[in-house]
Structures are given as C-alpha cells and as structure tokens.
Amino acid sequence: MCGICGFTGEVIDREVTIKNMTDVITHRGPDSNGYYIDDDICMGFLRLSIIDLENGSQPIFNEDKSLVLTFNGEIYNYKELRSELLAQGHTFYTEADSEVLVHAFEQWQEQMLNKLRGMFAFAIFNKNDKSIFMARDFFGIKPLHYYRSEKCFAYASEIKSILKIPGFEKKLNYRTLDQYLSFQYAPPPETFFEDVYCLLPGHYMWYKDSEIKIERYFDPVLEPDKSISLEQAVRDIEEVFEDSVNAHKISDVEVGCFLSSGVDSSYVSTYFKGQKTFSVGFDFGEKYNEISWAKELSEKIGVDHHYKVIKSEEFWSHVPKVQYHMDQPLADPSCIALYFVANLASQYVKVALSGEGADELFGGYTIYHEPQSLWLYQTFLPKKFRVWLAKKVAKRPYFKGRSFIIRGAKSTEQRFIGNAFMFGRKEKQKILKDKSIATRPQDFCKKFYDKAKDFGEVEKMQYIDLNLWLVGDILLKADRMSMANSLEVRVPFLDKHVYKVASRLPTKLKVNNKNTKYAMRMAALKHLPEKTAQKKKLGFPVPTRVWLKDKKYYNIVKRMFNSARAGKFFNRSVITSFLDAHYNGKADNSRKIWTIYVFLVWYGIYFENDGKMVD
C-alpha cells in the first residue's frame, strides 16, 4: 500500500513542491519514498512494503524506461499476468506486482484494466508523447484525486497533497456542502475544494496536450438470474469467497483481520486460524460494545484476538484528527471507531482484511426490506390516496407508523438516496444562510436511477449504494483511517469474481422475510455458529445519541453552533434548536447534529488552520 502524487505544467520550486506533496502523506508509506523528475513531470511515491520488500520501490519503469509508473494498491493475480507478459517477450527486474502494471500497459493499453484482479490507483507517464494515463479500481477501494488549472495538472492519493501546489487557491465548493448535508459525505466526483475532483471507480483518464479524457471501463450492474437455487447460490458463494480470501492473503508480511460481531468480518475471520483479529467497542454496555461476541467467536475459530475499549473522551478528542485525515468531512461516526481499530491492528500487522462491500453486493442493509414491506400498501391503495394521506400525517406529531405512511406515498426513486438521508431541500433551506444552494438530493441520484430503470426495486437500491454510499462513505473511511495508521486494509468481498456471483443472485436470495444477505449467510453458516451467521444487521453502533444528551458534550457542540464559524454557513438559532430539542428529549436529532458539527470541525482545520494536523 502506498501514496502517490505528481504534477505537470508550470509549477515553481518543482523539486521542493513534489517533496512537500509526499511529506504531507507520509503516513501512507513510511517505509521508503521515490521520485521521478524531468522537464515535463514530477512524480512522487511513498511505500508501505508488502510484496518484494527489497526491490519493490517505485517509480517503476518498462525495459527502455519510456514508461514511468507510480501505483497504490495490490494486484492479486500479478503472478499469472507476469507469466503471460514474460511469454510475450517482456523482461522484469523485480518480483513486485507494480512492475506487472507497467508492462501490462505497454502490451494492452486500456484493455489491461479488465485483466486485473485487485485494488488500485495508478499513474503512468509516457516520455515519448508526454501523456499521463491514470486509472482507479472497479469499486473505488483506492482513491485518486486530480486538479487542473490553466497552468498545471496534478494528481494524488489524498487531497491534502494537492493543496501543496504553489498558487493553489483554496475555495470551498458550496455545491458539495449542499450535497453533504443530504448524504453525510461528499458524493463524487466533486469535492469540497473547487477544481479538485475524484476519479470515479471503474474509470480511467488520459491527460495529454492539456486535455482530459475520462472513460468508464467497469459498471457494477446487477442482472439477477431467477433460475439460481439456494443450493447453487450457497455453493457458488462459498467457493468464490474462499478463493478471494486466499488471494487477498498473499503477502510477504503477516496479515490480520478486523472482527466485529457481524457476519461479514466474522466470515472473513474463519480463514485466519492461528492468526490475529482486532475489535473495538465503547464503554457504554453491550449495545455499544460487541467485543464479547468477537472474543467468543475468536475462541471458537482459534484466532489470537486483540481488542480496545474506546472511552468517550478519547472518541471526542480524536474527531479533529480523524477529519484531518479524511480530507473532506464525513459525518459517519463509525469512521472514528475505525481509526481506533486500525491503530490497534497497526501495532501487530501491516495488512488487515475487512468485510466492506458485502452489504452492497449481497443485499445486507435493513432498508432493502422496504420495497417488500411497502408492497401490499402500495399495491392495494391508489397512489392519489396515499399521497393525500401522507400530506395529512406529515403535519402531525410523531406516532408509530407515521414514517411508513409518508414513505409509502413515494417511489423508490423519491425516497431512497442511499443509506444516509440527513436533510431534504426544505430542511436545508431552513438551516442554510444561503438558501439558494439547496437542491433535491433525488436530482443528484437521477442519473443512476436512469441507468437502473429496468432493475428490480432492491437492485435499484443496491446500484445507488454501489455508486454512491460505498464510494463516498464506506471505502473512503476504510482507506483514510487505515492509511492514517500506515496499515493496508484489503476487502475480499469487493473482488470482481465475487461480484460476478453476487450480481446474478435473485432478489429472494438476498432479501426476504427471514433476513438480509440470505444466501451469503447460508454460505457463512457452514463456517460460523448460527447466532453469528444469522445476526441482524446493526452497523457499527456509536453512542452519539447518548453523548449529545450529556451536558459536557452538549456544551461542546453548542459552543460550535453558536460560533462565528457556524454563522458563516448556517442559521445559528435553527441548528441550536435542533440540538436543544435532542438534549431535552423532544426528538432524536443526533445524526443531523453530528453532520453539521463535523463539517464545522473540518472547516476549521482546512480553511482556518491552513490544513494543519490537529492533535
């Protein structure tokens, strides 16, 4: 695992600049660094040594050194590709997976991407025609950002590296603030910084003669095959997942595993007998601390389990540090818990496997039950009546079933923007100082729903999450929190062979009245105790709701909400009323409060403290 960065064009103090760009992301690769500098380009690289520890440093070249590569990630089928390229006449000077990429590009150009199995973000400079080719993996496991101005083009694993370009004018992107308030993250490709973009998953880019060309080479479409039986599905999942885990364990250093109480990481951990697993929880009782589940499973499957209990003060004191490492505000409080488990794991191993992606591919989120739950209501009551009734109950105080009636008046496209929905347009107009920036989040999702118009309702929701939630929240926090601790995290569910199996599963084998991820749980049951394999989806429980009713933490947030910083963006009396209502037990506004608070913490770091680390 590594960090990469580079630039071309008119940049002053070029050698100093490329060093500054790498220095600020040293956490991504503390083992070594490397540079390629000529009159046309500067490329920087930081290495966390995993494969070919002695000879795998970058930049990497082809035989005549006309191609220069910097690469972040792992290619799990590099040995097979290496053999194929050797047969084509290529010669190698290392055993590293990175060298396979440069020769594969030389041989196949863009077509190389569909031959790869792994996670990757890389840049290749061609000295002959001065072009730069960049690509990002199928699901967006590894990040890649870019910046373009009249004078230069730059790229990097993290945005904070791009901010080191001399003359970079830091401007807040208000379009992204608007979207963040709805989604709880910055939906790609735009970022919170004007003119800085995120290369989308499954895309590649050419930069040549000051022109950018971007193409999509992979799209995670879902094509269920209703003829697939439960028995066949379980057999296929078990076979492909075992193969994926074994591929993801390839390393020249020890590999560990994150372990929660859920089925995803637990299933992964069953392939780690005799090795190390890592968990964290909070000092708030069993609801917020599932370490006991992880310990019990660890004893049964024979792994060396390590855990940490996060104290409330620790959590809150790390909010600024985590938001610094995130580059952009992320209002998912589990990212802070992930920071702690990555920190714990980094004390023992350099690589850890984790369970991200299982929910999106196999239908694991509880919200995926909604089309089934609403079916009778939407089928037998006319839409006009449902809309009329929803308008009536929306004006009434909360009662059990109120949300069901309101959501039952809407189509999937109207009610679902992903696993987090914080503020709608009307709410944003109430809280924002500049009401004109508020938009409907459904409008942002429309392009994905248009692509998925022929999908089933559950598959539409999965497709939205695969393109938005997975990229903007789940994988972003996994990369940033692990790399903040110089740890490589690998995600065997997000393997293209696993995807092929998952994409063909009929809806009934994903979501039914028994559970979510039904077929996957049945496969996991062959390796896990039933209570673990069938455990309901909870997510990572973080007690923000409880903390915000504690006077100490309520006052921390209230000071922020009353600050001049908050006044730049928000109607302070309105956001404070949200906080007070929550504190007094009148409403559960914890997620919305946290969304605003996190943005304000992040803004203070990057726009008032010049992007400097906060302890």
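Residues numbered from 1 in each chain as written. Predicted model: local features only at pLDDT ≥ 70, side-chain atom pairs only at ≥ 80, totals over all residues. Heavy atoms only, no water.

**Some thoughts on the environment of Leu200**
Logical step 1: Of note, Leu200 is situated in the loop between strand E10 (196-198) and strand E11 (203-208).
Logical step 2: For Leu200, a relative accessible area of 26% corresponds to the partly exposed category.
Logical step 3: The spatial distance from the C-alpha of Leu200 to the C-alpha of Val102 is 21 Å, given a sequence separation of 98 residues.
Logical step 4: Not counting chain neighbours up to four residues away, the residues in contact with Leu200 comprise Arg136, Pro188 and Pro189. (Helix = DSSP H or I, 4+ residues; strand = E, 2+ residues; numbered from the N terminus. Buried < 20%, exposed > 50% of the residue type's maximum accessible area, 1.4 Å probe, protein only. Contact = heavy atoms within 4.5 Å.)

**A closer look at the sheet that holds strand E9 (residues 152-156)**
Logical step 1: In spatial order, the strands read E2-E3-E1-E9-E8-E10; together these six strands make up an open sheet with antiparallel pairing. Looking at strand neighbours, the two that pair on one side only are strand E2 (32-37) and E10, the edges of this open sheet. When the angles between neighbouring strand axes are averaged without regard to direction, this sheet yields 15°.
Logical step 2: Summarising the sheet, strand E8 (residues 145-148) and E9 pair through four bridges and their orientation is antiparallel. (Pairing = 2+ DSSP bridges. Axes fitted to C-alpha atoms, helices over the stretch in contact; angles between N-to-C directions.)

**Focus on the side chain of His203**
Logical step 1: If you trace the backbone, His203 turns up in strand E11.
Logical step 2: Residues within four places of His203 in sequence aside, it is in contact with Ala135, Arg136, Ile214, Glu215, Arg216 and Tyr217.

**What about the pattern of salt bridges?**
Logical step 1: In the structure shown here, the tally under the stated rule is 43 salt bridges.
Logical step 2: With a closest N to O distance of 3.6 Å, Lys115 and Glu84 form a salt bridge. Of the two residues, Lys115 is situated in the loop between helix H3 (97-108) and strand E6 (118-126) and Glu84 in helix H2 (residues 78-87); the sequence distance between them amounts to 31 residues.
Logical step 3: Overall, the relative accessible area of 31% leaves Lys115 in the partly exposed class.
Logical step 4: Between Lys477 and Asp332 there is a salt bridge, with its nearest N and O atoms 2.7 Å apart. Placement of the pair is Lys477 in helix H20 (residues 469-483) and Asp332 in the loop between helix H10 (319-326) and helix H11 (334-346), with a sequence separation of 145 residues. For the pair formed by Lys477 and Asp332, the shared burial category is buried. (Salt bridge = Lys/Arg side-chain N within 4 Å of Asp/Glu carboxyl O.)

**Remarks on the environment of Asp129**
Logical step 1: Examined against the element boundaries, Asp129 turns out to sit in the loop between E6 and strand E7 (131-136).
Logical step 2: The exposure class assigned to Asp129 is partly exposed, which follows from its relative accessible area of 29%.
Logical step 3: Along the backbone, Asp129 and Ser66 are 63 residues apart, and their C-alpha atoms lie at a distance of 9.6 Å.
Logical step 4: A distance of 2.7 Å separates polar atoms of two side chains, one belonging to Asp129 and the other to Ser131. (Polar contact = N/O pair within 3.5 Å; in protein donor to acceptor, adjacent residues only side chain to side chain.)

**Description of the sheet that holds strand E16 (residues 351-353)**
Across a sheet, paired strands are connected by hydrogen bonds in the backbone, their directions being either parallel or antiparallel.
Logical step 1: Within the open sheet, the five strands sit side by side as E15-E14-E13-E16-E17. Their pairing is parallel. Bordering the open sheet on either side are strand E15 (304-310) and strand E17 (488-490), each of which pairs with just one other strand. Each strand axis lies, on average, 30° off the axis of its neighbour in the sheet, ignoring direction.
Logical step 2: Sheet analysis places strand E13 (residues 255-258) next to E16, joined by three bridges and oriented parallel. Bridged to Gly256 within E16 is Ala352.
Logical step 3: Packed on one face of the sheet, helix H8 (residues 291-301) meets strand E14 (276-282) and E15 and runs near 175° to E15.

**Here's the deal with a positive patch on the surface**
Logical step 1: On the surface, a cluster of positive charge is contributed by Lys391, Lys392, Lys395, Lys426 and Lys430.
Logical step 2: Of all the secondary-structure elements, those providing two or more residues to the positive patch are helix H14 (383-394) and helix H17 (425-431).
Logical step 3: Mapped onto the elements of the fold, Lys392 is located in helix H14. (Patch = residues over 30% accessible without salt bridge, like charges linked within 9 Å, V, L, I, M, F, W, Y side chains within 5 Å. Areas by Shrake-Rupley, 256 points an atom, 1.4 Å probe, with all protein chains shown as cover. Lys, Arg positive; Asp, Glu negative; His and termini not counted. Charge placed at Lys NZ, Arg CZ, Asp CG, Glu CD.)

**A short note on the environment of Ile162**
Logical step 1: Residue placement: Ile162 occurs in helix H4 (residues 159-162).
Logical step 2: The spacing of Ile162 and Val24 is 138 residues in sequence and 9.7 Å in space, taken between C-alpha atoms.

**Considerations on the packing of aromatic side chains**
Aromatic ring pairs are described here by two measures, namely the spacing of the ring centres and the angle between the planes.
Logical step 1: Summed over the entire model, instances satisfying the criterion amount to 62 aromatic pairs.
Logical step 2: Considering the side-chain rings of Phe599 and Trp602, the 6.0 Å spacing of their centres and the 35° angle between planes classify their relative orientation as tilted. One end of the pair, Phe599, and the other, Trp602, are both in helix H28 (residues 590-608), three residues apart, so they sit about a helical turn from each other. Accessibility assignment for this pair places Phe599 and Trp602 in one class, buried.
Logical step 3: Site record: aromatic cluster; members linked through ring pairs are Tyr174, Tyr180, Phe192, Phe193, Tyr324, Phe569, Phe570, Phe599, Trp602, Tyr603, Tyr606 and Phe607. (Phe/Tyr/Trp six-rings, centres within 6.5 Å; stacked < 30°, edge-to-face > 60°.)

**Notes on the state of the cysteines**
Logical step 1: Counted by the stated rule, this structure contains zero disulfides.
Logical step 2: Sulfur of Cys42: no disulfide; nearest cysteine sulfur belongs to Cys5 and is 9.7 Å away.
Logical step 3: A residue is classified by how much of its surface remains accessible, and Cys42, at 0% relative accessible area, is buried.
Logical step 4: The structure places no disulfide on Cys198, whose sulfur is separated from the nearest cysteine sulfur, that of Cys445, by 16 Å. (Disulfide = S-S within 2.5 Å.)

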